[in-house]
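Below are the chains, spelled out letter by letter.
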Amino acid sequence: MATILVTGGAGYIGSHACKALARAGHTPVSYDNLSRGFAHAVKWGPFEQGDLHDGARLAEVIVRHRPAAVIHFAAFAYVGEAMADPAPYFHNNVSGSLSLLEAMRAEGVRNIVFSSSCTVYGARTSDPITEDTPQVPVDPYGRSKFMVELVLHEYVRAYGFAATALRYFNAAGADPDGEIGEDHDPEPHLIPVLLDAAAKSAAFTINGDDFATPDGTCVRDYVHVSDLADAHVLALEALLRRGGGFAAYNLGTGRGFTIREVIDAASKRVERDIQVKVGPRRPGDLDASTAVSALAERELGWTPKLSNLNDIIDTAWRWRLRRLNRAGLPVEPVS
């Protein structure tokens, strides 16, 4: 089986993907600068610390391990942060990706699976979203992902690369075995923030309740992180068989939930009411975003197995409790 360089392998989705790669018989080599990842999340395969902009370090790692392909996760990924300060997003996500691609080209590695995002679709006219939905990103994060996809098209055309972009929707949940989970600081994502509020008997803030949805709160398509990890393995193996060209796949469930529906499901899991207050909308938030993932099912054989809302919340909850207890933080007695 293959050695795979995983940029951002110490991060949330990257570490889950490394576990899935190892389970499939591959050797993941995690490359991460640890600005937003954690060394303790690297449990499968070697760890190489380094920055995407350090071309010499990238070349050294590629020469040492001779990967058959790269899975590229390393990126800043917070929409709100990007809206407030876009420059680091273009520097890290776009310029960093160019540095990686040039190191790959110099060392003869031509295969890459790119961690893209549903935000590349932005202000679209239809929901649910297919791969043919026009890409009109509306925030700097989405634009940075879209720009990298455009660059990949050119590397495929001009330099013979094989590239796959995986446009996934809202990653959530944690490893069912409890080995890794979501651990951002600060934590920007709905489900872990909601569960932290439940554990500490604190109030949870809904960012806007005047969206054009059934209950006024945003609708999102939540996909379990372990299902996303499996999709990266399937996409990698399909790309290695294909040997050229560009492909893109949506990864989601096709079923959206409002924020209030997620709150209700979390309340049932933790067996207590969660205090809620309503704040202003966040810049860049859309009314609804759900996926059509038929192409990934048909061409990659990918079917999400853990992406029902109850499993997502259960695995995330068990991980949050362990994380809070390890940190010595006060946790209310909950199930």
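Just above sits the structure.
Nothing here was measured: the structure is a model prediction, and the numbers come from that model. (Residues numbered from 1 in each chain as written. Predicted model: local features only at pLDDT ≥ 70, side-chain atom pairs only at ≥ 80, totals over all residues. Heavy atoms only, no water.)

Moving on, we get to the overall build of the protein chain. Summing up its helical and strand segments, the protein chain has 10 helices and 13 strands in all. Radius of gyration (C-alpha) of the protein chain: 19 Å, near the 20 Å computed for a compact globule of 335 residues. Considered along the principal axes of its C-alpha atoms, the protein chain spans approximately 55 × 45 × 40 Å. Within the span of the protein chain, comprising 335 residues, buried residues form 55% of the whole. Sequence separation of at least 24 residues holds for 78% of the intrachain contacts in the protein chain that already meet a minimum separation of 6. Counting every atom, the protein chain has about 13,500 Å² of accessible surface; 52% of that belongs to carbon and sulfur. Each charge class in the protein chain can be summarised by its mean position, and for the 33 positive and 41 negative side chains these summaries are 2 Å apart. (Helix = DSSP H or I, 4+ residues; strand = E, 2+ residues; numbered from the N terminus. Rg over C-alpha atoms; globule rule 2.2 N^0.38 Å. Buried < 20%, exposed > 50% of the residue type's maximum accessible area, 1.4 Å probe, protein only. Contact = heavy atoms within 4.5 Å. Areas by Shrake-Rupley, 256 points an atom, 1.4 Å probe, with all protein chains shown as cover. Lys, Arg positive; Asp, Glu negative; His and termini not counted. Charge placed at Lys NZ, Arg CZ, Asp CG, Glu CD.)

Let's shift gears to the packing of aromatic side chains. For the coordinates displayed, the defined rule picks out four aromatic pairs. For the pair F76 and Y89, a centre-to-centre distance of 5.6 Å together with 65° between the ring planes defines the contact as edge-to-face. With a gap of 13 residues between them, F76 in the loop between β4 (69–72) and α3 (79–84) and Y89 in helix α4 (residues 87–107) connect regions that are remote in the sequence. Consider the rings of Y89 and Y141, whose centres lie 6.4 Å apart with planes at 85°: the pair is edge-to-face. Here the residue Y89 occupies a position in helix α4, and Y141 occupies one in helix α5 (residues 140–159), the gap between them amounting to 52 residues. Under the relative-accessibility criterion, Y89 is labelled buried at 1%. For Y141, a relative accessible area of 9% puts it in the buried group. Ring pairing ties together the aromatic residues F76, Y89 and Y141, which thus form one cluster. Just above the ring of F211 sits the side chain of R281; from NZ or CZ to the centre is 3.8 Å. (Phe/Tyr/Trp six-rings, centres within 6.5 Å; stacked < 30°, edge-to-face > 60°. Lys NZ or Arg CZ within 6 Å of the ring centre and 35° of its normal.)

In this section: the packing of helix α6 (residues 190–200) against helix α8 (residues 259–270). Geometrically, a packed helix pair is captured by the angle between its two axes and the distance between the axes. For the pair α6 and α8, interaxial distance at closest approach is 11 Å and the crossing angle is 45°. Considering the angle they form, α6 stands oblique to α8. Where α6 crosses over α8, the two elements pack in a sense that is right-handed. In this structure, α6 contributes L190, I191, L194, L195 and A198 to the contact, and α8 contributes I259, V262, I263, A266 and V270. Here the contact of α6 with α8 is composed, by residue class, of 10 nonpolar, no polar and no charged. (Axes fitted to C-alpha atoms, helices over the stretch in contact; angles between N-to-C directions. Parallel < 35°, antiparallel > 145°, perpendicular 65-115°, else oblique. Left-handed = near helix turned anticlockwise from the far one by under 90°. Nonpolar A, V, L, I, M, F, W, Y, C, P; charged D, E, K, R; others polar.)

This part is about helix α7 (residues 225–242). The terminal C-alpha atoms of α7 lie 25 Å apart, and with 18 residues this matches the ideal 26 Å at 1.5 Å per residue to within 8%. Residues of α7 that are buried: V225, S226, D227, L228, A229, A231, H232, V233, A235, L236, A238 and L239. Positive phi shows up at G243, right after α7, with a value of about 80°. (Expected span 1.5 Å × (residues − 1).)

Time to look at the side chain of N93. Looking at the secondary structure, you find N93 in helix α4. N93 sits in the buried class, given a relative accessible area of 2%. Of note is the side chain of N93, whose polar atom sits 3.1 Å from the side chain of N92. Aside from chain neighbours lying at most four places away, what touches N93 is A75, F76, P88, Y141, S144 and V148. (Polar contact = N/O pair within 3.5 Å; in protein donor to acceptor, adjacent residues only side chain to side chain.)

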